[in-house]
Amino acid sequence: MAEWICRTLRDGGLEGEHAPALTINDTITCPLGSFVFDHFLSQLSSFIFCQKSQSNGIVLVALSRSPLYYEQLLKSKGFDLVTSSTWFKILDCYTDPLGWRSKLVESGSIRNLSSGSSLAVNICKNVKDLDELLSSILELGRELSGGGKGRFTVAIDSVSALLRHTSVSSVASLVSNLRSHDQVSSLFWLLHLDMHETRGTAALEYMSSMKATIEPMVQSVDGPRGNSENLSLMEQNLRRGKFCVRVKRRNGRVRMMFEEFYVEKSGIKFTPLSSENEMTAQSLVPKVQFNLELSEKERNDRAKVVLPFEHQGNGKTIQIYDGRKSLNDGKAETQPTSVQKVDSNRGEIIYFRDSDDEMPDSDEDPDDDLDI
Amino acid sequence: MANALPSTLLDEALDGKGAAVFSTSPAADGRMILVEDCVETSGAFVVHHLLKRCLSPHSSDVVVFLSFAHPFSHYDRVLRKMGCNLSVQRDNKRLMFLDMLMVERLGRDRGKTSEDVFIALYGEIQKAVEVCLSHEVGQPITVIIDDVSLMEVDANGSSNLVLDFLHYCYSLAAQFGCSLITLNHDDVYSNEDRPGLLLQLEYLADVVIKVEPLATGLATDVHGQLTVSNKGIHDGSGKSRNKVHNFHFRIKDSSVEYFYPGSKT
């Protein structure tokens, strides 16, 4: 399903339609959104590098991580950094987002700034001016497409940083301008859900055709911290998560899909959702020294046991022990032995009366011998 | 190293087992550490511990200390008890102490806006970093801020300005490999539905150290618990570090004892 999203972003939009847009949402309980963002970025990069995609290049707006980080990401995925400038451009809003550094350089108190990256980087010195930002993004995109009609992909990491500097409406207008621009093939961005008001996140969701939310696999129960169960949940949430995707089709139909992913050293891996209940059950069973669970074999064996009343009606004499009349005792004792060993695979319960002097339910008062 | 610092549970939680033997800086490779405390249990001892570790003879770190909470003499006294002389370190240029309590600091008295003050402050940090990097090679630099909530007070309550400032400090990590250690209070934001500053810091931090009282209440020999969530996952050495540790501590006169729950009789 993550693959399906990659393909959708790769194929881009039709002529005269909005570009497909993906919002990646995460929260602090499972803060893995940046890994997912990196995954899509590198997947799209390889599509673009092999020229399998509608777009000719990526313009990355880096707000929350440094250009150097992305350089290393590309390097680790095996891309050649020297030639990458033909299809990968970074708009650096990380190094000097508010122009403090250039102000200090001008006054002579610090030396010149460099982002330390060897990638093609353009520095944006005022992220509060989103019109300026839009035109720099489009300009970088035009450079990628060589002035022709070529299209490009826009990635924003992260919109949360933009929302901190400006208002919802100006961010919304930036995104919608990008989406409707006919040279933008697709776009995706990262958003930390819990940092913003609902109206901001909803506005951005309206403008995206796909929304991927990262949720913790198991919602932690509100309990005291330091509880060992909660600790392991917290640890799990730093390594894996549930990938919930909501897709809006052109006709308005909405589809929900779920997948699971875990973080590895080389990136993230998506797997189909394993049975969720099982996961929950496993994590809820306290860690004890004895075994509370049954293995598959034990479960099968248990299913094979014929309960005492189950053989009735299959040709044998029906025996109902009503507790009052003892059936002819000898028979009751011998009959089970004749039935046994019919099938060694089947379990069976054999019942022997304790002894003959155990008379069932006589009228005698059992407490007769007590001297009350 | 025969006379290496004894490794505590806190060091192990920060670097993984055995790493403290080499006694590298606590926030190696440009990490950001966030210490969160609350009224009942102060997290100051964690900051002292990290400061001492940075300045230990086994590391070559340079510390830029931004104090909004206490004057220099306070830290000097505390650290001297722990066996670390801050005045000497300051003379050795291993410690640069910026006392933000002084009114005339950065021209605050001359009617500058708080943004100008913070820009100037950042300029001073970057200048210090540049100076450090120019004369000796490979000296890691750690910026320690004590504490963020008082910095917010200094910024006239504008958490956005604080975040901008922290962003700039954090961006030094990408450029010069600096690390950042900040202390913040958890409960001063408990009234807000959306504690933006704290959340943002948690998103930014690679390691979050929470200092809390015991869930079961007061105890004489356990002073509280530490929860260290370490999410620095992509590090070169190949260690998987996203781990959550939890242990108890007891603050003694000159040191702090760390132990796992129930392991102390």
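Description of the structure in this document. (Residues numbered from 1 in each chain as written. Chains lettered and ligands numbered in written order. Predicted model: local features only at pLDDT ≥ 70, side-chain atom pairs only at ≥ 80, totals over all residues.)

## Focus: the sheet that holds strand β1 (residues 32–37) of chain B
All names here are of chain B. The strand order across the open sheet formed by nine strands is β3-β2-β4-β5-β1-β6-β7-β8-β9, and the pairing between neighbours is mixed. Both outer strands of the open sheet, β3 (95–99) and β9 (256–259), are each paired with one neighbouring strand and no more. Each strand of the sheet is rotated relative to its neighbour by a mean of 20 degrees, with strand direction disregarded. Where β1 and strand β5 (residues 179–185) come together, six bridges link them in parallel fashion. Bridging from a neighbouring strand, Leu 34 pairs with Thr 182 of β5. Across the sheet, helix α2 (residues 44–55) lies against β1, β2 (62–67), β3, β4 (141–146), β5, β6 (207–212), β8 (243–251) and β9, angled at about 160 degrees from β4, the strand it touches most. Sheet strands touched by helix α7 (residues 159–176): β1, β4 and β5. Its angle to β5, the strand with the most contacts, is close to 160 degrees. (Pairing = 2+ DSSP bridges. Helix = DSSP H or I, 4+ residues; strand = E, 2+ residues; numbered from the N terminus. Axes fitted to C-alpha atoms, helices over the stretch in contact; angles between N-to-C directions. Contact = placed C-beta atoms within 7 Å.)

## Focus: helix α8 (residues 196–204) of chain B
For α8(B), the full list of buried residues reads Leu197(B), Leu198(B), Gln200(B), Leu201(B) and Tyr203(B). If you follow the buried residues of α8(B), they end up packed against β6 (184–192) of chain A together with β1, α6 (148–154), α7 and β5 of chain B. (Buried ≥ 20, exposed ≤ 12 C-beta atoms within 10 Å, placed from the backbone.)

## Examining unusual backbone geometry
The linkage connecting Asp157(A) with the following residue, Ser158(A), adopts the cis geometry, with an omega of -10 degrees. Structurally, Ser158(A) is set in the loop between β5 (151–157) and α6 (159–165). With an omega of -10 degrees, the peptide bond between Asp146(B) and Asp147(B) qualifies as cis. With respect to the element layout, Asp147(B) can be found in the loop between β4 and α6. One non-glycine residue, Gln51(A), lies in positive phi territory at about 55 degrees. Along the chain, Gln51(A) falls in the loop between α2 (33–49) and β2 (55–62). Of note in this structure, Lys93(B) is not a glycine but carries a positive phi near 65 degrees. Along the chain, Lys93(B) falls in the loop between α4 (86–91) and β3.

## A few points about the interface of chain A and chain B
Chain A puts 29 residues into the contact, and the matching count from chain B is 31 residues. Of all the secondary structure elements, the ones that give two or more residues to the side of chain A that touches chain B are α3 (67–76), α4 (100–106) and α9 (228–237) of chain A. Residues belonging to the side of chain A that touches chain B are distributed by class as follows: 16 nonpolar, six polar and seven charged. (Nonpolar A, V, L, I, M, F, W, Y, C, P; charged D, E, K, R; others polar.)

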